[in-house]
Amino acid sequence: MADTFTPDEQAHDALRTLTNDYVDAVRARLGKMPDALAREYAARMLMDDLLPDAVKRVKAVRSEAVGELKEGRTLKQVAELTGLSVPRVDQLIKGK
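Figured I'd write up the structure that's included with this text. Note on numbering: residues in each chain are counted from 1, in written sequence order. For a predicted model such as this one, the threshold for reporting local features is a pLDDT of at least 70, and the threshold for listing and counting side-chain atom pairs is 80 or more; totals across whole chains, interfaces and linings nevertheless cover every residue. No hydrogens and no water enter the side-chain calculation; it runs on all heavy atoms of the structure.

### Details of the overall build of the protein
Reasoning step 1: When its secondary structure is counted, the protein shows four helices and zero strands.
Reasoning step 2: The secondary structure listing takes helices from DSSP runs of H or I that are at least 4 residues long and strands from runs of E that are at least 2 residues long, numbered from the N terminus. Seen in sequence order, the protein has helices and strands lined up from the N terminus as α-α-α-α.
Reasoning step 3: Whereas a compact globule of 96 residues would reach a radius of gyration of roughly 12 Å, the protein reaches 19 Å, over 25% beyond that.
Reasoning step 4: Structurally, the protein occupies a C-alpha span of about 55 × 45 × 15 Å along its principal axes.
Reasoning step 5: Within the protein, the proportion of its 96 residues that are buried is 10%.
Reasoning step 6: Contacts between residues were defined by any pair of non-hydrogen atoms, one from each residue, lying within 4.5 Å. Pairs at least 24 residues apart make up 24% of the contacts formed inside the protein by residues separated by at least 6 positions. In this setup the radius of gyration rests on C-alpha atoms only. A globule is expected at 2.2 Å times the number of residues raised to 0.38. To sort residues, take the accessible area from a 1.4 Å probe on protein chains only and compare it with the maximum for the residue type: under 20% means buried, over 50% means exposed, and anything in between is partly exposed.

Okay, structure coming up:
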């Protein structure tokens, strides 16, 4: 059977797998912490500090990509291309 995934779908699938593997590894590490208080603190640190920081760093990549899509296009064209609203495209371009 031929592979029907496009290169983008393959890249997205690889990112999902990598992310899921990472989260599973972190959960396993947390689960091995015998002290419940330390485990709670570590899980809270992950949720409150590490994940939001990761979101900010990835959002910068997204904003850069939308900015590239904007080159030579209107906000409306980029919105139609991405399936986002015009205001959201504008926000992403502005890094918000």
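### Here we look at the packing of helix 2 (residues 36-70) against helix 3 (residues 75-82)
Reasoning step 1: Axis separation between helix 2 and helix 3 bottoms out at 9 Å; the angle between their running directions is 120°. If you check the angle between helix 2 and helix 3, you find them oblique. In the crossing of helix 2 with helix 3, the sense of the turn from one axis to the other is right-handed. Here helix 2 contributes Val66, Leu69 and Lys70 to the contact with helix 3, which in turn contributes Leu75, Val78, Leu81 and Thr82.
Reasoning step 2: Here the contact of helix 2 with helix 3 is composed, by residue class, of five nonpolar, one polar and one charged. For every element, the axis is a line fit to its C-alpha atoms; helices are fit only across the contacting stretch, and the angle between N-to-C directions ranges from 0 to 180 degrees. Comment on the angle field: the value is read as roughly parallel under 35 degrees, roughly antiparallel over 145, roughly perpendicular from 65 to 115, and oblique elsewhere. Left-handed describes a crossing in which the near helix is turned anticlockwise from the far one by less than a right angle; the clockwise case is right-handed. For this classification, Asp, Glu, Lys and Arg are treated as charged, while Ala, Val, Leu, Ile, Met, Phe, Trp, Tyr, Cys and Pro are nonpolar and the rest, including Gly, are polar.

### Topic: the layout of surface pockets
Reasoning step 1: Here a cavity is any set of points on a 1 Å grid over the protein atoms alone where a 1.4 Å probe fits but cannot get out, and a pocket is any open set with protein on both sides within 12 Å along at least 5 of 7 lines; a residue lines the site when it has an atom within 4 Å of a point. Grid points are joined across faces, edges and corners, and a volume is the space filled by probe spheres set on the points. Counted as a void, the largest pocket has a volume near 320 Å³.
Reasoning step 2: Elements represented by at least two residues in the lining of the largest pocket include exactly helix 1 (7-31) and helix 2.

### A word on the environment of Tyr22
Reasoning step 1: Position of Tyr22 among the secondary structure elements: in helix 1.
Reasoning step 2: Assessed through its relative accessible area of 51%, Tyr22 is described here as exposed.
Reasoning step 3: Residues Tyr22 and Met33 lie eleven residues apart in sequence; the distance between their C-alpha atoms is 17 Å.

### Comments concerning the environment of Lys56
Reasoning step 1: Within the element layout of this structure, Lys56 appears in helix 2.
Reasoning step 2: Through-space distance from the C-alpha of Lys56 to that of Gly95 is 9.9 Å; in sequence the pair is 39 residues apart.

### Remarks on a nonpolar patch on the surface
Reasoning step 1: Residues enter a patch when their relative accessible area is above 30% and they make no salt bridge; the linking distance is 9 Å between like charges and 5 Å between nonpolar side chains (Val, Leu, Ile, Met, Phe, Trp, Tyr). Note on areas: these come from Shrake-Rupley sampling with a 1.4 Å probe, and a residue is covered only by the protein chains present in the view. Here a salt bridge means any side-chain nitrogen of Lys or Arg lying within 4 Å of a carboxyl oxygen belonging to Asp or Glu. Together, Tyr41, Met45 and Leu50 make up a nonpolar patch on the protein surface, roughly 300 Å² of accessible area in all.
Reasoning step 2: Position of Leu50 relative to the elements: it lies in helix 2.

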